[in-house]
Amino acid sequence: MSTINQWQLRAAFAARLSHMYGQEVPAYTTLVDVSREVNEDVLREQGADAERFGSISRVTAERHGAIRVGTPQELQQVARIFGALGMHPVDFYDLREAAASAVPVISTAFRPVDGEELARNPFRVFTSMLTPADPRFFDADLRARLEAFLARRELFPPELLALADHAAAERELPEDEAERFLQLAVQAFELSPEPVDKAWYETLERISAVAADIGGVRSTHINHLTPRVLDIDDLYRRMTDRGIEMIDTIQGPPAWKGPDVLLRQTSFRALAEPRAMRTPDGTVISGALRVRFGEVEARGIALTREGRALYDELLGQIDEHASAKPGEARSDIARALWERHMPGTEQELAADGLAYFTYRPADDRPRDGSKPPADIGELVRQGWLHAEPIVYEDFLPRSAAGIFQSNLSGEGTRNNDQEGTAYNAAWLSAAIERDVLDPYALYAQQQNTSLAQVSEQLGLNPSSL
């Protein structure tokens, strides 16, 4: 019997999840269709330049999903399922600190980390976990009730977890087991028809709509799926023209004439979906909840720690200017600051050590007898090397929180007089029993591998670059 390897499992899971979500949320299918139209137009207009951040086949197939769970045990089980697909936890995001309103979750993203695996299928899932222990959101009584509720539910059947462990250990599954794994995995993230306890859901919703979506139901579900687009501003206009209500802004860096960096995201607003609700007297009535939406993203160059520090500093300046001049469009403020402080070319980003690139010797450099300089910036400036941008594969906590906030029905409640419960990457690694990887280390490794090859080809000392 033939077998299905991990990347094929990952690609099949992403495709089936996308089909399922399109049936549950038809506006998502519209988003995918418009994204494809935009990508085809950009490719037609720009040719090869349109594929600078990935082939059009990769960009068209690319998705990231988002799910929410309630406990460390549930998160550890999710890690086992995604581990079967060759996806690893990368980075730690604290959305509690990235949002002014009540978003009581911490997060990581499961994704492939090897360059070849990303090229085959770059599916990623932004995964958030509720923080009932944080007294800023939950008092002792509500925390106890919430933790008891979460402890009674089972999100993932034992058969699914056993198949996941087998796939992770063998890096493949026999065809029949692969089919069963995919069926169970997709079912685990479908929207449940089970009636929602109306009073309990509303109790949590007063704290946070995100908390209610996680802890107010007995199952989990895909919260959103995200296609990738090459021109997110054009997509935003086209979706609006089709009568789809979009959130107010595009999160992340502004649109400007310089290089695309990091990640830009937007979404259509969460739709009112019919849900069965159980009232305190046991009657089941028809209700509606707004928790799921369609997000879209445009990816740019991965920034180094220094580049990210500049990005964060500019965000702070944008906030200050916007507060001082409330009548001025935030996008105009951001663009002006970007053009004043952010390097305007990829070459400058590389020379200043602000972004990650892979490097290769330039075949078209004239042979003039000179020796190559022992400085990466000069090697690029003098035409010895070509720098190819490394695509940012991860997420921005403020942008993620901004998307969450834009789709909330209210601000919720948050008591900042209380001290928040501390979480970090080390805590998360222990909770899910696998290392949460540092994205900067992953990008640096990719860059350093190319520099080692360049050093050998040009006869340079690798430690000098």
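Residues numbered from 1 in each chain as written. Predicted model: local features only at pLDDT ≥ 70, side-chain atom pairs only at ≥ 80, totals over all residues. Heavy atoms only, no water.

An unreviewed UniProt entry annotates the chain as 2-oxoadipate dioxygenase/decarboxylase of Streptomyces vastus. Turning to the chain, the UniProt record has this under Sequence similarities (unreviewed entry): "Belongs to the 2-oxoadipate dioxygenase/decarboxylase family." UniProt's Cofactor (unreviewed entry) comment on the chain is quoted here verbatim: "Fe(2+)". (UniProt positions renumbered as here; feature names shortened; annotations may be inferred.)

*Asks:* Explain the sheet that holds strand 10 (residues 273-278) residue by residue, including any values.
*Replies:* Consider a sheet: its strands pair through backbone hydrogen bonds, and that pairing is either parallel or antiparallel. Within the open sheet, the 3 strands sit side by side as 7-10-11. Their pairing is mixed. Strands at the two margins of the open sheet, each flanked by one partner only, are strand 7 (196-197) and strand 11 (284-289). (Pairing = 2+ DSSP bridges. Helix = DSSP H or I, 4+ residues; strand = E, 2+ residues; numbered from the N terminus.)

*Asks:* Go over the environment of Pro-174, please, and point to the residues and values.
*Replies:* The residue Pro-174 is located in strand 6 (residues 172-174) in this model. Along the primary structure Pro-174 and Thr-3 are separated by 171 residues, whereas in three dimensions their C-alpha atoms are 4.2 Å apart.

*Asks:* I'd like a description of the side chain of Glu-393, backed by residues and values.
*Replies:* Relative to the elements of secondary structure, Glu-393 occurs in the loop between strand 14 (385-389) and helix 17 (397-406). Side chain to side chain, Glu-393 and Arg-58 meet in a polar contact 3.0 Å long. Among all residues touching Glu-393, those that are not within four sequence positions of it are Arg-58, Arg-111, Leu-118, Arg-124, Arg-299 and Tyr-443. (Polar contact = N/O pair within 3.5 Å; in protein donor to acceptor, adjacent residues only side chain to side chain. Contact = heavy atoms within 4.5 Å.)

*Asks:* For the pattern of salt bridges, give the residues involved together with the corresponding values.
*Replies:* Enumeration according to the criterion identifies 40 salt bridges in this entry. Across the pair Glu-147 and Arg-143 runs a salt bridge, and its minimum N-O distance is 3.0 Å. Here Glu-147 and its partner Arg-143 are both found in helix 7 (residues 140-152), 4 residues apart, which amounts to about one turn of the helix. A residue is classified by how much of its surface remains accessible, and Glu-147, at 34% relative accessible area, is partly exposed. Here Arg-143 falls in the partly exposed class, since its relative accessible area comes to 34%. A salt bridge links Arg-292 to Glu-273, with the shortest nitrogen-to-oxygen separation between them at 2.8 Å. Placement of the pair is Arg-292 in the loop between strand 11 and strand 12 (294-299) and Glu-273 in strand 10, with a sequence separation of 19 residues. (Salt bridge = Lys/Arg side-chain N within 4 Å of Asp/Glu carboxyl O. Buried < 20%, exposed > 50% of the residue type's maximum accessible area, 1.4 Å probe, protein only.)

*Asks:* How would you summarise helix 10 (residues 198-207) if you had to cite specific residues and measurements?
*Replies:* Among all positions of helix 10, only Trp-200, Tyr-201, Thr-203, Leu-204 and Ile-207 are buried. Summarising the axial view, the buried residues of helix 10 lie within an arc of 155°, below the 170-degree limit, and thus occupy one face. On the buried face of helix 10, the contacting elements are helix 7, strand 7, helix 11 (209-215) and strand 11. (Arc of directions from axis to C-beta.)

*Asks:* Give me the lowdown on the pairing of strand 3 (residues 88-94), citing residues and values where you can.
*Replies:* Most of strand 3 sits out of view: 5 of its 7 residues are buried. Looking at chain direction, strand 3 and strand 4 (residues 105-111) are connected through 5 bridges and run antiparallel. Residue pairing in the sheet places Val-90 in a bridge with Ala-109 of strand 4.

*Asks:* Before we move on, could you go through the packing of helix 4 (residues 72-83) against helix 8 (residues 158-170) and cite the residues and values that matter?
*Replies:* Put simply, helix 4 and helix 8 touch, their axes get as near as 7 Å, and they point 50° apart. With respect to each other, helix 4 and helix 8 are oriented oblique. You can see that helix 4 and helix 8 cross each other, and the crossing is left-handed. Counting all contacts with helix 4, which are made through Gln-77, Arg-80, Ile-81 and Gly-83, the residues of helix 8 involved are Leu-160, Leu-161, Ala-164, Asp-165 and Ala-168. In terms of residue class, the contact of helix 4 with helix 8 is built from 5 nonpolar, 2 polar and 2 charged. (Axes fitted to C-alpha atoms, helices over the stretch in contact; angles between N-to-C directions. Parallel < 35°, antiparallel > 145°, perpendicular 65-115°, else oblique. Left-handed = near helix turned anticlockwise from the far one by under 90°. Nonpolar A, V, L, I, M, F, W, Y, C, P; charged D, E, K, R; others polar.)

*Asks:* Run through the packing of aromatic side chains, naming residues and quoting values.
*Replies:* Think of a pair of aromatic rings as described by two things: how far the centres are apart, and how the planes are tilted against each other in angle. Applying the stated criterion across every chain yields a total of 16 aromatic pairs. Seen in terms of ring centroids, Tyr-21 and Tyr-28 are 5.2 Å apart; in terms of plane orientation they differ by 70°. Their pairing is edge-to-face. Here Tyr-21 and Tyr-28 have matching classes, each one buried. Ring centres of Phe-149 and Trp-200 lie 5.7 Å apart, and the angle between their planes is 45°; this geometry places the pair in the tilted category. Of this pair, Phe-149 sits in helix 7 while Trp-200 sits in helix 10, placing them 51 residues apart in sequence. Each of the two residues, Phe-149 as well as Trp-200, counts as buried. The structure contains a cluster of three or more aromatic residues connected by ring pairs, namely Phe-13, Phe-82, Phe-110, Phe-123, Phe-156 and Phe-189. Its guanidinium or amino end placed over the ring of Phe-149, Arg-218 lies 5.7 Å from that ring's centre, counting from NZ or CZ. Between the NZ or CZ atom of Arg-299 and the centre of the ring of Phe-395, over which it lies, the distance is 5.2 Å. (Phe/Tyr/Trp six-rings, centres within 6.5 Å; stacked < 30°, edge-to-face > 60°. Lys NZ or Arg CZ within 6 Å of the ring centre and 35° of its normal.)

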